[in-house]
Amino acid sequence: MTAKAERVRRIGWYAALVVASLVTVLCVSLLFAAFRNDSAIEAQLGQATAQVETVSFDRTIINYATPDGIMHSPSNGVLYPAGLAAGQLVNIEYDAGDPELARVAGRSATNTLLPLGSMIFFTWVIAGPLLWWIRRQNVRSRAESSV
């Protein structure tokens, strides 16, 4: 085996490790952000009924009025929007200090545990055997070259 092939495998091993680790760190960071958003909402809890305007892949836009009569439409959408449809009325909870931060009432960061946990699990289900296989190929080629 050439030194170039071993170097390519080593780079591939590090690349797979970095990508899997990065996905894991991003998922854990997203989970902490969801808990932080929930604690901010619960610190200054406001409740309202909102109308779902649009539902798309990346966000669900709602409109709602706060007790002072101001209409709000969070630009990032509502948190935990699974199952909502355009035109639907839904109860929401929002941060009274920052009405742009809103979530569907009764939902919390625990709703993110299954999707994020699944993402981490399947990332390592793919990365683990790949890392093992690359490492095995390097060990085998070293053994063959030493004989």
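Along each chain, residue indices are assigned from 1 in the same order as the chain's sequence is written. Only residues with pLDDT of at least 70 get local features here, since the model is predicted, and only at 80 or more are side-chain atom pairs given and counted; chain-wide, interface and lining totals rely on the full set of residues. Water and hydrogen atoms play no part in the side-chain values, which are based on all heavy atoms of the structure.

## Brief notes about the pattern of salt bridges
Pairing between side chains of opposite charge can happen when the charged atoms of each approach one another.
Then, in step 1: Salt bridges, as used here, are contacts in which a Lys or Arg side-chain nitrogen is within 4 Å of a carboxyl oxygen on Asp or Glu. A full pass over the atoms with the stated rule returns 5 salt bridges.
Then, in step 2: Across the salt bridge formed by glutamate 42 and arginine 103, the nearest N and O atoms sit 3.4 Å from each other. Residue glutamate 42 is located in helix 1 (residues 3-43), and its partner arginine 103 is located in strand 5 (residues 98-104); the two are separated by 61 residues in the primary sequence. Only DSSP runs of H or I with at least four residues qualify as helices, and only runs of E with at least two residues qualify as strands; both kinds are numbered from the N terminus onward.

## Here we look at the UniProt feature "transmembrane region" (unreviewed entry) in the chain
Then, in step 1: UniProt positions are given in the numbering used here, feature names are shortened, and annotations may be inferred rather than shown by experiment. Here, the residues flagged by UniProt with the feature "transmembrane region" (unreviewed entry) are residues 12-35 and 113-134.
Then, in step 2: Structurally, residues 12-35 is divided into 100% helix and 0% strand, and its ends, taken at the C-alpha atoms, are 35 Å apart.

## Section: the side chain of asparagine 138
Then, in step 1: Its location among the elements puts asparagine 138 in helix 2 (residues 113-146).
Then, in step 2: Its relative accessible area of 6% is what places asparagine 138 among the buried residues. Three labels apply to residues, based on accessible area from a 1.4 Å probe with only protein chains included: buried if under 20% of the type maximum, exposed if over 50%, partly exposed otherwise in between.

## Some details on the sheet that holds strand 4 (residues 89-95)
Then, in step 1: The strand order across the open sheet formed by 5 strands is 3-2-1-4-5, and the pairing between neighbours is antiparallel. Each end of this open sheet is capped by a strand with a single partner; those strands are strand 3 (71-72) and strand 5.
Then, in step 2: Sheet topology note: the strand 4/strand 5 ladder contains 4 bridges and is antiparallel. Across the sheet, residue glutamate 93 finds its bridge partner in strand 5, namely arginine 103. Here, strands pair whenever DSSP counts at least two bridges between them.

## As for the packing of aromatic side chains
Then, in step 1: Only centres within 6.5 Å qualify two rings of Phe, Tyr or Trp (six-membered ring in Trp) as a pair; their planes then separate them into stacked at under 30 degrees, edge-to-face at over 60, and tilted for everything else. Inspection of the entire model under this criterion finds 3 aromatic pairs.
Then, in step 2: Measuring from ring centre to ring centre gives 5.1 Å for tyrosine 64 and tyrosine 94, while their planes differ by 40 degrees; the resulting arrangement is tilted. Of this pair, tyrosine 64 sits in strand 2 (residues 60-65) while tyrosine 94 sits in strand 4, and the two are 30 residues apart along the sequence.
Then, in step 3: Among the residues examined, tyrosine 64 registers a relative accessible area of 1% and is labelled buried.

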